[in-house]
Amino acid sequence: MSETFTLNPGTLGLAELRQIWRGNAAIALDPAAFPAIDASAATVQAILDQHKTAYGINTGFGSLAHTRIPDDQVAELQRRLVLSHAAGTGAPLDDALVRLIMILKINGLVRGYSGIRREVIQALVTLLNAEIYPLIPAKGSVGASGDLAPLAHLSQALLGVGAVRHRGEVITAKEGLERAGLAPMTLAAKEGLALLNGTQVSTALAVAGLFVAEDVFLAALAAGALTTDATLGSDTPFDPRIHEVRGQIGQIEVAAALKNLMAESPLRASHVDCDRVQDPYSLRCQPQVMGAVLDMLRHAAQIIGREINAVSDNPLVFAREGEILSGGNFHAEPVAFAADCIAIAVSEIGAISERRIAMLTDARMSNLPAFLVPEPGLNSGFMIAHVTAAALASENKCLAHPASVDSLPTSANQEDHVSMATHGARRLIDMNDNTSGIVAIELLAAAQGIDLRKPVETSPRLRNVMSALRVRVAFWDIDREMAPDIAAAKDLIGTDLFRDITPLRVVS
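Residues numbered from 1 in each chain as written. Predicted model: local features only at pLDDT ≥ 70, side-chain atom pairs only at ≥ 80, totals over all residues. Heavy atoms only, no water.

Chemist: Help me understand the nonpolar core, please; the structure alone is not making it clear to me.
Modeler: Where a protein is soluble and globular, its nonpolar side chains tend to be buried together. With 150 residues, the main nonpolar core has F217 and F498 as its most contacted residues. With 20 residues, the single largest contributor to this core is helix α9 (residues 200-230). Aside from chain neighbours lying at most four places away, what touches F498 is L218, A219, A222, L443, V465, L492 and I493. Grouped together as the second largest cluster of nonpolar side chains are nine residues, A54, I57, V317 and I324 included. (Core = buried A, V, L, I, M, F, W, Y, C linked by side-chain atoms within 4.5 Å. Buried < 20%, exposed > 50% of the residue type's maximum accessible area, 1.4 Å probe, protein only. Helix = DSSP H or I, 4+ residues; strand = E, 2+ residues; numbered from the N terminus. Contact = heavy atoms within 4.5 Å.)

Below you can see the structure in the form of structure tokens.
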């Protein structure tokens, strides 16, 4: 790790978080946060010294909150809390996601409202910087009271319990601590609860989903412009006057981006005076659909951007007043709603892209060879690639059903309404992958269409896309295995190619 990023309490931005997530910068704590952290921990200790009763400090948890725990068992209470709550199941989350979860957990704790000692937070930082990532099962959280099970799997690593992964190698947590120069910790009052209570897993999943959705969105804009040119579509529907009179911001920006992508296209100029009156909606209404997608993603980004700096454990310690207040910031409903917004947007990106693929492969609609291949009949061309796109689009329609409308009571009905944010955000991994596959197929199909129009070419910006694609995937002259081509096009979606040809951003 060559660079170091200093976490300043409450100021982390999504753009900064994306750089940390995609890079490998070390994390450091801002010393300005230490007084608040220390005061918060001292407030907890004062409660114990005065033999007062406070939830999460010297009581049981959930429906057992009325059980008073003797002072000499407070440390054991925290240990048992962490171990008993490590009840997740499923495949482990990947290291990049665990890294994101750890950053968000640290970022919440340094605000100084959690009653946790500085050395515990620093131990998390040390593990992160040593690339020691706890194995966290993907399933087991309902998004309230926080992401208890997955965060318990993270937290138990500090105790030397469970397993961690270090540069691809799965080892015991105890060995992981040794490699990081740490010893197993004994948690003090409130610390176990501070570690495993919070929305950081749901939020990390939503953040990752948002970042990938932005990449897919930008690639889909280019794919849509390429398809419009390949099918001899018109850029008149992108005229700014049309969109200004409606006034929808995303729509206005997308129309301008599409107009810019197609600017100076010889293909467009070749049919300016043609007798085709209107294009299908999947071409003509791109600004309206993709503009709404842009607005939806930006709305989700605002909510998630606040949540990455949130203090979402419980109870909260207000050291200035010497009070410990029990509330419900662990309820991840805002994250659940944001994840649902992203899911709907991602599904729609794929839905309209699939329709454009259908148009490209239909000779009656595109005026290109059937299924975009010379000698159709002997060759099947893009026939089954379109079937794959249709399958992915339909799967996403099922996955896009709102997770936040569901709830099941837990903890003997004490926790009687939950958010389901965690799996609502986790499904974004599959949904983004599905839509990436659809957009990749459209890029391939549209590029094939452009090449079939030669010697007339597309616009300078879209030629950049064509060049990058053709480095990886050859023109389809006779049938061959399609899957490697789709994979190669999908790999392009995560690059800077599409960022470089359009100024639009979800996260700025």
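Chemist: Which parts of the structure should I look at to understand helix α11 (residues 249-261)?
Modeler: For the α-helix, the turn length of 3.6 residues means that residues three or four positions removed from each other point alike. Here α11 is 13 residues long and its end C-alpha atoms lie 18 Å apart, about the 18 Å a rise of 1.5 Å per residue gives. Looking at the buried side of α11, the elements it contacts are α9, α10 (240-244), α14 (286-307) and α19 (460-472). (Expected span 1.5 Å × (residues − 1).)

Chemist: How do you make sense of unusual backbone geometry when you look at a structure like this?
Modeler: When glycine is set aside, most residues are seen to have a negative phi, and most peptide bonds are trans. The residue after A144, namely S145, is reached through a cis peptide bond having omega 5°. The topology assignment puts S145 in the loop between β5 (137-139) and α6 (148-156). Even without being a glycine, L372 presents a positive backbone phi close to 60°. Within the secondary structure, L372 sits in the loop between α16 (363-366) and α17 (383-399). Positive phi, close to 60°, is recorded for M420, a residue that is not glycine. Along the chain, M420 turns up in the loop between α17 and α18 (421-452). The exposure class of M420 is buried, given its relative accessible area of 6%.

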